[in-house]
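Below are the chains, spelled out letter by letter.
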Amino acid sequence: MLLLLAILLASAEPPKADLLFEGGVVYAAPDAAPRKASIVVGDGKILFVGDPAKARRQAKDARVVDLKGRFVFPGWADAHMHLTELGKSKEIADLRGSADAEEAAARIAKTAAALPPGVWVEARGWDQNLWPGAEFPDARALDSAVGGRPAVARRVDGHAMWVNQAALKAAGIDAATRDPDGGRILRRSDGSPSGVLVDNAMALVVRVLPPPTAADLERRLLSGAASCAALGLTEIQDASGYGPEAIAALERLASRGALAIRVYATVSPDHVNFPASLEKGPRLGGGADFLTIRAVKAYADGALGSRGAALLADYSDEPGKRGLLVTAPDRLAEIARDARRAGWQVWIHAIGDRGNRVALDAFEAAALAVADAPEGASRPRIEHAQVIAPEDFPRFARYGVIASVQPTHATSDMPWAQARIGPARIAGAYAWRRLKVAGARLAGGSDAPVESENPLRGFYAAVTRRDGSGQPPGGWRPAEKLSRAEALALFTSDAAFAAFEETWRGRIAPGFAADLTVFAQDPMTAAEEDIAATPVAMTIVGGRIVYAAAAAP
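Fair warning: this is a prediction, and the values are worked out from it, not measured in the lab. As a convention, each chain's residues are numbered from 1 in the sequence order in which they are written. For this predicted model, a pLDDT threshold of at least 70 governs which residues receive local features, and a threshold of 80 or more governs which side-chain atom pairs are given and counted, while totals over whole chains, interfaces and linings are taken from all residues. With hydrogens and water excluded, all non-hydrogen atoms of the structure serve as input to the side-chain values.

### Focus on the pairing of strand β11 (residues 183-187)
The side chains of a regular strand alternate between the sheet's two faces.
Consideration 1: Each residue gets one of three labels from its accessible area relative to the maximum for its type: buried under 20%, exposed over 50%, partly exposed in between, using a 1.4 Å probe on protein chains only. Comment: elements are numbered from the N terminus, with helices defined as DSSP H or I runs of at least four residues and strands as E runs of at least two. Most of β11 sits inside the fold, with four of its five residues counted as buried.
Consideration 2: Should DSSP find at least two bridges between two strands, the strands are taken to pair. Hairpin connection between β11 and strand β12 (residues 193-199): a loop of five residues separates the two successive antiparallel strands, and Gly191 in this loop has a positive phi of roughly 90°.

Have a look at this one:
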């Protein structure tokens, strides 16, 4: 039998070369030195990397793409973003960078003016921490802007919602409405709702908000994927925790070959079909199939910016408040256990030090309950891992927990983060170097549309710990910086490992997927202030050129 197999393999024709990339400088892996080399691609895979003359002989009939000295990397990936929300963010009012509540309301009013009567107005991106006084907004500002039309504006992190009186009325929220478990209704001094809902309180409005249609979902997924491809991303790992409608939209697009990039999707444990999803088992994509569905996304707590992150002690700037556990610890442990038993990876959103501890506890309990888990259930992930108690750092390595971090969160949050948690706890916040020293595996993402989907902004934040204007000089808490090679790994080989793809993605090598990101300049050697502006020349996914800049071949 073995002899027959050997004969068949020897007689099989090698894959036909489709593309020959030559004239480029190749970074085959984060730890590899750059070299001038040609790359032969066939059947969606890399067939050869190396000497240009040998490559030409192997690819006589292939289409030749002259890279003209550009820089070729393993396909960059974003280990944490929200694809449908990214697409949706391009259709609704963008409140990022608004100077105050009045400017944000004016932007919402402009969007409302273009909508048919009665349609809900939606927006996203406000951040009260950037406004004078850092006070949360009030429903009255939206009432003045849009009148009696219901309006909903999510905070930049997606963990708080600013609504007007019409939306409150539609949801039945008034002074008598109690805060739901894991949620908070902000109130005026007379007890009436002010118009800001935090974490699980948002569900009171979401349940009456008109749901997206199948066409809406497909359009937003395609729009988000196209935007990612244009920025050099070949894969996104989607932290949305989808329900059946969005999963069905992804599957339709994948079956038509319509996805521009690979999508590694997560499902929500909060839908009634969750047990059936676990029983059905993961969908393992790869190769020409750009869709993988093999992870469960759960939430431990809220976000630091809206004071919903769960802390072990009071907020330094709001004594008496310790944030919110949006999922009960017992339920979180149950989700982790059931998913582990069924062979699914588990992602838990955790930002505060209590949130991270509860997430680690859930993973520990699951590991004890299901000792012999399938391979796909290993590599549990904590998404964000922003504030960690000193004694919890070693637990990441002990239980094989991946810290999925978003470097731009540090540079966005640094103006106010220490005020939230004080000088002692800040030592365990956004602590990438400390996590690595403790033995944790990392992966890098953006959390788009919370932050820009441009991975070079995350790369820049990881190596400089400075914002887009170069502040502060030397970087914020610079001991936590990563080297350029480490930052490159976050978005290539580390992201591949976090998705069980290290045997076929994250490197430029024969047999690996032909997922390549080509930059016009070299982010590994560019001046730090020029990194984020590095132009993308080309994006190749599975041997398909899915994006090429106008000046690129």
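More follows now that the structure is in view.
### Brief notes about the packing of helix α4 (residues 101-113) against helix α5 (residues 139-146)
Consideration 1: At a minimum axis distance of 9 Å, the contact between α4 and α5 shows a crossing angle of 35°. In the crossing of α4 with α5, the sense of the turn from one axis to the other is right-handed. Two secondary-structure elements touch here, α4 through Ala105, Ile108, Ala109 and Ala112 and α5 through Ala141, Leu142, Ala145 and Val146.
Consideration 2: Residue polarity follows a fixed list, in which Ala, Val, Leu, Ile, Met, Phe, Trp, Tyr, Cys and Pro are nonpolar, Asp, Glu, Lys and Arg are charged, and the others, Gly among them, are polar. Residue classes in the contact of α4 with α5 are distributed as eight nonpolar, no polar and no charged. Lines fitted to C-alpha atoms define the axes, with helix axes restricted to the stretch in contact, and inter-axis angles between N-to-C directions lie between 0 and 180 degrees. By definition, turning the near helix anticlockwise from the far helix through less than a right angle yields a left-handed crossing, and turning it clockwise yields a right-handed one. Residue contacts are counted whenever heavy atoms from the two residues lie within 4.5 Å of one another.

### Some words on the sheet that holds strand β6 (residues 76-81)
Consideration 1: Ordered by their spatial adjacency, eight strands build an open sheet running β6-β13-β14-β15-β16-β17-β18-β19, and the pairing between neighbours is parallel. The sheet terminates laterally at β6 and β19 (441-444), the two strands that pair on one side only. With strand direction ignored, the average angle separating the axes of adjacent strands in the sheet is 25°.
Consideration 2: Judged from the four bridges that link them, strand β16 (residues 345-350) and strand β17 (residues 381-384) form a sheet pairing that is parallel. Within β17, the position partnered with His349 by the bridge is Glu383.

### What about the packing of aromatic side chains?
Here a ring pair, both rings aromatic, is described through the centre-centre distance and the interplanar angle of the planes.
Consideration 1: Centres within 6.5 Å are what make two rings of Phe, Tyr or Trp a pair, Trp counting through its six-membered ring; a difference in plane orientation under 30 degrees is then read as stacked, over 60 as edge-to-face, and the rest as tilted. Using the criterion set out here, one finds twelve aromatic pairs in the structure.
Consideration 2: Taking 4.6 Å as the distance between ring centres and 5° as the angle between the ring planes, the aromatic pair formed by Tyr27 and Phe73 counts as stacked. Of this pair, Tyr27 sits in the loop between β1 (19-26) and β2 (35-42) while Phe73 sits in strand β5 (residues 71-74), and the two are 46 residues apart along the sequence.
Consideration 3: You can call Tyr27 buried: its relative accessible area is 5%.
Consideration 4: Between Phe73 and Trp76 the ring centres are 6.3 Å apart and the planes differ by 90°, which places this aromatic pair in the edge-to-face class. Summarising the burial analysis for this pair, Phe73 and Trp76 share the class buried.

### Considering helix α8 (residues 214-230)
An α-helical turn contains 3.6 residues, so a residue and the one three or four places further along point in the same direction.
Consideration 1: In a helix, the anticipated span is given by 1.5 Å times the number of residues less one. The end-to-end C-alpha distance of α8, which contains 17 residues, comes to 25 Å, matching closely the 24 Å that a straight helix rising 1.5 Å per residue would cover.
Consideration 2: The set of residues buried in α8 consists of Asp216, Leu217, Glu218, Arg220, Leu221, Gly224, Ala225, Ser227, Cys228 and Ala229.

### Digging into the confidence of the model for the protein
Consideration 1: Every residue carries a pLDDT, the predictor's confidence in it, which falls somewhere between 0 and 100. Chain-level statistics for the protein give a pLDDT mean of 94 and a share of 97% at 70 or above.
Consideration 2: Between residues 1-11, whose pLDDT stays under 50, and residues either more than four places distant or in other chains, the model counts zero contacts.

### A word on the nonpolar core
Side chains of nonpolar character tend, in soluble globular proteins, to be buried together.
Consideration 1: Within the largest apolar cluster, 98 residues are counted, with the highest numbers of intra-cluster contacts made by Trp76, Leu83, Leu304, Ile348, Ile382 and Phe396.
Consideration 2: When sequence neighbours within four positions are dropped, the list of residues in contact with Ile348 reads Ala298, Tyr299, Ala300, Leu332, Ala359, Ala362, Phe363, Arg381, Ile382 and Glu383. Throughout this description, the term nonpolar core refers to a set of buried Ala, Val, Leu, Ile, Met, Phe, Trp, Tyr and Cys residues connected via side-chain atoms within 4.5 Å.

### A look at the packing of helix α11 (residues 329-342) against helix α12 (residues 353-369)
Consideration 1: α12 packs onto α11 with a crossing angle of 45° between their chain directions and a minimal axis gap of 8 Å. By the angle between their axes, α11 is oblique relative to α12. Note that α11 runs across α12; the crossing there is right-handed. Of the residues in α12, those touching α11 at Pro329, Leu332, Ala333, Ala336, Arg337, Arg340 and Arg341 are Val358, Ala359, Ala362, Phe363, Ala365, Ala366, Ala367 and Ala369.
Consideration 2: Looking at the contact of α11 with α12 residue by residue, the classes come out as twelve nonpolar, no polar and three charged. An angle counts as roughly parallel when it lies under 35 degrees, as roughly antiparallel when it exceeds 145, as roughly perpendicular when it falls between 65 and 115, and as oblique in every other case.

### What to know about helix α15 (residues 417-425)
Consideration 1: Residues of α15 that are buried include every one of Ala417, Arg420, Ile421, Gly422 and Arg425, and no others.
Consideration 2: Tucked inside the fold, the buried residues of α15 contact α12 and α14 (407-413).

### Some thoughts on the side chain of Arg379
Consideration 1: By secondary structure assignment, the location of Arg379 is in the loop between α12 and β17.
Consideration 2: Here the side chain of Arg379 touches Glu502 through a polar contact of 2.8 Å, side chain to side chain.
Consideration 3: When neighbours within four sequence positions are excluded, Arg379 is seen to be in contact with Gln345, Gly400, Ile402, Phe497, Phe500 and Glu502. Contacts described as polar in this section are N or O atom pairs within 3.5 Å, which, within protein, must combine one atom able to donate a hydrogen with one able to accept it, while residues neighboring in sequence count only if both atoms come from side chains.

### Some thoughts on the sheet that holds strand β8 (residues 121-126)
Consideration 1: Here six strands make up an open sheet; going across it, the order is β7-β8-β9-β10-β12-β11 and the pairing mixed. Unpaired on one side and paired on the other, β7 (93-94) and β11 mark the two borders of the sheet.
Consideration 2: Against the sheet, α5 touches β8, β9 (151-155), β10 (160-163) and β12, its axis set at about 50° to β10.

### Quick look at unusual backbone geometry
Consideration 1: A cis amide bond, omega 10°, links Ala448 with the succeeding residue Pro449.
Consideration 2: Along the polypeptide, Pro449 turns up in the loop between β19 and α17 (455-464).
Consideration 3: Across the junction of Gln471 and Pro472, the peptide omega takes the value -10°, indicating a cis bond.
Consideration 4: Position of Pro472 among the secondary structure elements: in the loop between α17 and α18 (484-490).
Consideration 5: A positive phi angle is found at Ala134, which is not glycine, with a value near 55°.
Consideration 6: If you trace the backbone, Ala134 turns up in the loop between β8 and α5.
Consideration 7: For Ala134, a relative accessible area of 31% translates into the label partly exposed.
Consideration 8: The backbone phi angle of Arg477 is positive, close to 50°, even though this residue is not glycine.

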